[in-house]
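Remarks on the overall topology
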Amino acid sequence: MTKFFDTVKLAATKFHAMKIRTALSVAIPSILFAVVLSVVTLTHGVQNTLSDFNDDGLGGRFLVSAYNNIYNQTIDAYNEKYIELVEKSQKELVEKNTQTAKDLGLFYDKSFDPSPVFTEYGMKRVQGAMTNVTEEARQTLSESYRANAEDIFRVSAKYHPTNVFVRNYKVANGGNLFVIEDGVENFEKLKPREGNDDTVSAFLYLGLEITDDNLAQSFITTKQKTFPDSIPLIVTYPDAEKILGLKSLPDSATPTEKINRILTLRNQLTDRKFQVCYRNKTSAELINSAFFKNEDAVILYEMPESPCAPVTVESDKRTDEQKTFEERRIAFKKAIGEYEDAWQQEIAFTIIGFTPETESRMKSNSIFELAKDLTGSSLSSKSVAPRGLLETFEDKDLLEKIFPLKTDVVWKWFSGQDEDFVVEFANREDAMRFVNEKSCVKTETGCATEDKPFELDFYGNNSVVIDELSSMMMRIIVIGLAIAIAFLVLLMVSIFTKIISSNRKEIAVFRAIGFTRLGIIAIYQTYAVMLALAIAILATGISMTVSWILSNIYSGVLTSELRALFSSLDYAKSVVLFQPNPLDFVTFFVLIVILAIFCCSVPAFFAIQRNPIKDLRED
């Protein structure tokens, strides 16, 4: 029986006897294995870095928005319940207006309020322009289809949600908000929009979103805890630039310029308080008449001389009879709830942070913006007030008067809702199943059904997509590794086959002097292990060196890019591509030794089956 140390000595002798062949047998697989190890090492660095940066904002959270679509295909012009509600509301409207006009000594005819219900081809239908009657009827009927908090809990229960948040949408109650800048009320929003996109005057125009503090927390930069005399507001990135009068950065801006812009916004905007004048519908209409003065008008109005002051009358050419008629008309409209005396009120806002939401996520015109849309984190395209902080505002009556709890039906018709929900899940699988299985398919007339009452979409970030891409990347890497290993197995089998084939005489001599078959195989297996260890050490050295060099070259540049991409000011975070995992290298060492033993054993087994006398005679 061959002793272990003798086997090792004989195997080591082959390293000296076949220097060139051994060198080639080590060098070629080492380079290929080094490439594989470098890819694995750098992939770890990329994944860990993205995970670290993705923790900012809403990154890393699996959130789904549940948008409540109040329209339903059953609410159409021929819907019997809808027609019945419209006719009932129309009758009540005419009766109320008739009695009110009678009490005020005014003439009223029901033709002043024509019915929206017509008979066409023997069938009743609702047609004509949108009116309060039709919209109130539609809204009343829609409530029976309208999903609520109970429904979101019901449809999401089996997908194991960890949180359900409510978001509310509000607009100024029938009026208008004008920002007061440098002690002057800014009426720029009254002008045509062309060439007026860089002004701040209309940034509250789209309304106010109230969301849970849990969702807003990552975008809050203030340290204040209460806001007794102002409304706390998180503004969008473009609006933040407008407030400071800054031009948007060009697509060619460097990462440093982008980071400096974020620093500027955070330093100059946080805790910045500004005044806004709320004008109700009547006051806003008077402002509009004064702003676009018509010299031929019977009444001419003057713009207010101080911020949030009432509009004054410059001249009034009406007769006493006209004035009396107008007074009665206003009294009539007040009585039926369609008129409110002009009033205006200053209200303060405090900027507590900003969200990196772009002007339109569907209009990305650069690779950076596309990458930002994929990896970035956003809260809303509107101004946002965290619900908890908003509760600290003391003048609740004023808040309710300007931003009422219930939004008017016209805004609901325009926006589709005044509240929706955000559902959070613990993992990607549950979030994806919920969206794929419970999202209704939107049509022109809506999509709400009892089983699928919501339009569902991923919210705030692309964690689900990023997680899926990460899994896909790992699958591709595993497949690539499998292909590379298969190629290397063939290469090593070929190498050992040639080595053993060229050593037929040596094997025949071993057999002739009494070596057992297993002893001969052991010699070549030991040689294979030595060769494998040499390959592993060289491949590890090459991969570590290459990975370290690439990391040093690109980490600094990528750090700046990712800070700009994620709007991150955390300078403790940086890109480190060189993140070797010891377990990967241990696995690699074990794997290559096993492969070497296997690749050597197969040709060695067939070689020792040959007739040694015949091999000696042939050589």
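Residues numbered from 1 in each chain as written. Predicted model: local features only at pLDDT ≥ 70, side-chain atom pairs only at ≥ 80, totals over all residues. Heavy atoms only, no water.

Attention now moves to the overall build of the protein chain. Regarding its fold elements, the protein chain presents 20 helices and 15 strands. In the protein chain, buried positions account for 43% of the 619 residues. Long-range pairs, those at least 24 residues apart, make up 82% of the contacts in the protein chain with a sequence separation of at least 6. Surface exposure of the protein chain reaches about 32700 Å², of which carbon and sulfur atoms provide 58%. (Helix = DSSP H or I, 4+ residues; strand = E, 2+ residues; numbered from the N terminus. Buried < 20%, exposed > 50% of the residue type's maximum accessible area, 1.4 Å probe, protein only. Contact = heavy atoms within 4.5 Å. Areas by Shrake-Rupley, 256 points an atom, 1.4 Å probe, with all protein chains shown as cover.)

Turning to the packing of aromatic side chains, a few remarks are in order. Enumeration over the complete set of coordinates arrives at eleven aromatic pairs. Geometrically, the ring pair formed by Phe-291 and Phe-292 is edge-to-face, given 5.0 Å between the ring centres and 80 degrees between the ring planes. You can call Phe-292 partly exposed: its relative accessible area is 43%. Through a chain of ring-to-ring contacts, three or more aromatic side chains come together here, namely Phe-178, Phe-187, Phe-291 and Phe-292. For Lys-401, the ring lying beneath its charged end belongs to Trp-343, and the centroid distance is 4.0 Å. (Phe/Tyr/Trp six-rings, centres within 6.5 Å; stacked < 30°, edge-to-face > 60°. Lys NZ or Arg CZ within 6 Å of the ring centre and 35° of its normal.)

Taken N-terminus to C-terminus, the directions of helix 3 (residues 80-104) and helix 10 (residues 320-335) make an angle of 140 degrees; their axes are 10 Å apart at the nearest point. Comparing their axes, helix 10 and helix 3 come out oblique. As helix 3 runs across helix 10, the sense of the crossing is right-handed. Listed contacts from helix 10 to Lys-96, Asn-97, Thr-100, Ala-101 and Leu-104 of helix 3 are Arg-328, Ala-331, Phe-332 and Ala-335. Counted by class, the contact of helix 3 with helix 10 contains five nonpolar, two polar and two charged residues. (Axes fitted to C-alpha atoms, helices over the stretch in contact; angles between N-to-C directions. Parallel < 35°, antiparallel > 145°, perpendicular 65-115°, else oblique. Left-handed = near helix turned anticlockwise from the far one by under 90°. Nonpolar A, V, L, I, M, F, W, Y, C, P; charged D, E, K, R; others polar.)

Moving on, we get to the state of the cysteines. Taken as a whole and assessed by the stated rule, the structure comprises one disulfide. Covalently, Cys-277 is tied to Cys-308 through a disulfide, its sulfur atoms 2.1 Å apart. A torsion of 80 degrees about the S-S bond marks the disulfide between Cys-277 and Cys-308 as right-handed. You can see Cys-277 sitting in strand 9 (residues 272-279) and its partner Cys-308 sitting in the loop between strand 10 (299-302) and strand 11 (312-316), a full 31 residues away along the chain. An identical accessibility class is assigned to Cys-277 and Cys-308; each is buried. Looking at Cys-599, it has no disulfide partner, and the nearest cysteine sulfur is the one in Cys-600, 8.8 Å off. On the accessibility criterion, Cys-599 (0% relative accessible area) is buried. A relative accessible area of 0% places Cys-600 in the buried class. (Disulfide = S-S within 2.5 Å.)

Judged by side-chain polarity, Ile-31, Val-35, Val-39, Leu-538, Ile-542 and Val-546 come together as a nonpolar surface patch covering roughly 450 Å² of accessible area. Contributions of two or more residues to the nonpolar patch are made by helix 2 (19-53) and helix 18 (517-565). Within the element layout of this structure, Ile-31 appears in helix 2. (Patch = residues over 30% accessible without salt bridge, like charges linked within 9 Å, V, L, I, M, F, W, Y side chains within 5 Å. Salt bridge = Lys/Arg side-chain N within 4 Å of Asp/Glu carboxyl O.)

Another point: the nonpolar core. Grouped together as the largest cluster of nonpolar side chains are 32 residues, with contacts concentrated most on Phe-33, Phe-496, Phe-588 and Ile-592. Every element with two or more residues in this core is listed here: helix 2, helix 16 (463-501), helix 18 and helix 19 (582-607). Broken down by element, this core gets its largest block of residues, eleven residues, from helix 18. When neighbours within four sequence positions are excluded, Phe-496 is seen to be in contact with Tyr-527, Ala-528, Leu-531, Ala-596, Cys-599, Cys-600 and Pro-603. By size, the runner-up hydrophobic cluster in this structure holds 31 residues, among which are Ala-240, Trp-343, Phe-354 and Phe-393. (Core = buried A, V, L, I, M, F, W, Y, C linked by side-chain atoms within 4.5 Å.)

A regular strand carries its side chains on alternate faces of the sheet. With six of six residues buried, strand 8 (residues 231-236) lies mostly within the body of the structure. Across six bridges, strand 8 lies against strand 12 (residues 344-355) in parallel orientation. Residue pairing in the sheet places Leu-233 in a bridge with Ile-351 of strand 12. (Pairing = 2+ DSSP bridges.)

On the surface, Glu-394, Asp-395, Asp-397 and Glu-400 cluster together into a negatively charged patch. Structurally, the position occupied by Asp-395 is in the loop between helix 12 (387-390) and helix 13 (396-402). The partly exposed category is assigned to Asp-395, whose relative accessible area is 36%. (Lys, Arg positive; Asp, Glu negative; His and termini not counted. Charge placed at Lys NZ, Arg CZ, Asp CG, Glu CD.)

Before going further, it helps to spend a moment on the environment of Glu-95. Here Glu-95 lies in helix 3. Its relative accessible area of 47% is what places Glu-95 among the partly exposed residues. Considering only alpha carbons, one finds Glu-95 and Lys-110, 15 residues apart in sequence, at a separation of 8.8 Å.

Attention now moves to the side chain of Arg-279. Among the secondary structure elements, Arg-279 is positioned in strand 9. Accessibility expressed as a relative area gives 0% for Arg-279, which makes it buried. A distance of 2.8 Å separates a polar atom in the side chain of Arg-279 from a polar atom in the side chain of Glu-185. Polar contacts involving the side chain of Arg-279 include one to the side chain of Gln-344, which spans 3.3 Å. (Polar contact = N/O pair within 3.5 Å; in protein donor to acceptor, adjacent residues only side chain to side chain.)

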